[in-house]
Amino acid sequence: MSYNSEDYFLSNDFKTLLKRFEEAENEGRFAMLDPDELVDIAEYYYNNGKADKADEIIERTLSVYPGSAAPLLFKARLALIEDKDTAKAEYFTEMIEDKTDNEYFYMKAEILLYQGKTEEADAYLKEKFDETDEEDKDYFAIDSAALFIDYDAIGTAEKWLKLSEDTDSIDYKEQAARICLENGEYEKSKKLYNELIDNDPFSTQYWNSLASSQFFSNNIEESIQSSEYSIAINPNNTAALLNKANGLYNLGNYKEALVYYKRYNKLCPNDENGEMLVGFCCLLLENYEEAIEHLRKAEKLSEPQSPSLIDIYKDWAFALCRIGRIEECMAVLDKTNLLDCDHDEILIYRGCLLAGSGYHTEARRLFLKALKRSGYSPNTFTKIAITVYESGDPAFAYSIFKNMYGFYKHWTDGYAYFAACCYDLGKTNEFLQSLDSAAKYSPKELKFLIGKLFPEGMEPKDYYKYMVDKIKRDGKI
């Protein structure tokens, strides 16, 4: 459950410890290790899907070391993670004998954070920090920062990290790098993770985090390379497999991405996202029957109101549509009626699938229904046009955009998609006009949609001039 636990479990120190424990088990006795060591072993078993074995070790540890912090903290965190039970977590925390242990304070704060009481957790830890000996304040501040990062309270984490003067320590750099990554300061996070890797080149956690920083800063090939280093250290590292799959997917290498999504899925068979990602990749490779199989599994793994269900049903319906099973397709979309989602958006999506299957009259009826329900809002017009474009019909999307901009002359949303439509249809003058507008109103969306048409690193504000020069030179877009 700790930040670098996976790296520790790969270390020779832990392997020696585990061997001692298992040798004692084979001899019919309980290894007389200290509580922290026994909890490390329990955590190892827990992470490897052996929760019952982990629980047995914790209970036996408590029978030997009653009131010990480490095993009780393990139970308290499981109460939060597994049972979502703050009262039970509080119960185990209060069983800790030494209530001056910093870990006791951190657990009390974590329970507050789990309840969404960030300010209370901050105030509680600040009170304990003020009582801490000077020589321990750096560690306390860094540990507190790590806890707030875990609960996405990044602003509070930054405040805590600034209380530490130990800026050259590994622990400090770890948390600083995590904060930079969360804040989108990718260059800073990459620099810090490279420094951490220089100190520990066999840390899968550092390589994975560096890969994430590179991915989010659009250095996709570098991200894949970092993931490969992590996989070389541990071929079953799920974060590395997922990072590499995402990188390959982003480069359009869906076939190879599917290999790594499947490896991730095999290691995490109860993760709905794994089944979803495999299913979506199969869609892109036009393996529709296989996609349906994985999306059906993803549905079964999902919580009843999981946000993932919307995407699962949309992709599932799309796959059914592509193999001509329209009635089943519509029935799958009916499942969204029980979800808390944008039902007008689902209505529009139904229309797109029907239009793509030749049911143009029925599709237009649904689009008109969505428009009427919205009071003919330009926002709904835009959603319809974008959905139509993403469904592979740029000509129909173009006509919707054209009519919308004729009605709503001051509407600025959707220009990036309109530019993409015009490019696909070879409408040079309209492409240049919409390109100029999209660069002003939706540059990020524009870069995402057609950035590959321009030199790497070029900003959207320079797209128009570049394209004008290119057309003058080549005579076409």
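1. Concerning a negative patch on the surface
Together, D34, D36, E103, D143 and D171 make up a region of like negative charge exposed at the surface. Judged by its relative accessible area of 39%, D171 is partly exposed.

2. Here's the deal with the environment of H294
Its location among the elements puts H294 in helix α18 (residues 288-301). On the accessibility criterion, H294 (10% relative accessible area) is buried. Taking the C-alpha atoms as reference points, H294 and A420, separated by 126 residues in sequence, lie 32 Å from one another. Leaving out residues up to four positions away in the same chain, H294 has contacts with N265, E275, V278 and G279.

3. Observations regarding the packing of aromatic side chains
For the structure shown, the criterion picks out 34 aromatic pairs. For the pair Y44 and Y45, a centre-to-centre distance of 5.7 Å together with 70 degrees between the ring planes defines the contact as edge-to-face. Classification of Y44 as partly exposed rests on a relative accessible area of 24%. Look at Y249 and Y254: their rings are 5.4 Å apart centre to centre, the planes differ by 45 degrees, and that puts the pair in the tilted class.

4. Topic: helix α10 (residues 154-161)
If you check which residues of α10 are buried, you get I154, T156, A157, W160 and L161. Take α10 and look down its axis: the buried residues cluster within an arc of 155 degrees, on one side only. Close packing links the buried residues of α10 with α8 (118-131), α9 (137-150) and α11 (170-182).

5. Quick notes on the nonpolar core
Residues F401 and L446 are the most contacted members of the largest nonpolar core, which totals 86 residues. If we skip the residues at most four places from it in the chain, F401 touches T382, A385, I386, G414, Y417, F418 and C421.

Cut-offs and rules
Residues numbered from 1 in each chain as written. Predicted model: local features only at pLDDT ≥ 70, side-chain atom pairs only at ≥ 80, totals over all residues. Heavy atoms only, no water. Patch = residues over 30% accessible without salt bridge, like charges linked within 9 Å, V, L, I, M, F, W, Y side chains within 5 Å. Areas by Shrake-Rupley, 256 points an atom, 1.4 Å probe, with all protein chains shown as cover. Salt bridge = Lys/Arg side-chain N within 4 Å of Asp/Glu carboxyl O. Lys, Arg positive; Asp, Glu negative; His and termini not counted. Charge placed at Lys NZ, Arg CZ, Asp CG, Glu CD. Buried < 20%, exposed > 50% of the residue type's maximum accessible area, 1.4 Å probe, protein only. Helix = DSSP H or I, 4+ residues; strand = E, 2+ residues; numbered from the N terminus. Contact = heavy atoms within 4.5 Å. Phe/Tyr/Trp six-rings, centres within 6.5 Å; stacked < 30°, edge-to-face > 60°. Arc of directions from axis to C-beta. Core = buried A, V, L, I, M, F, W, Y, C linked by side-chain atoms within 4.5 Å.

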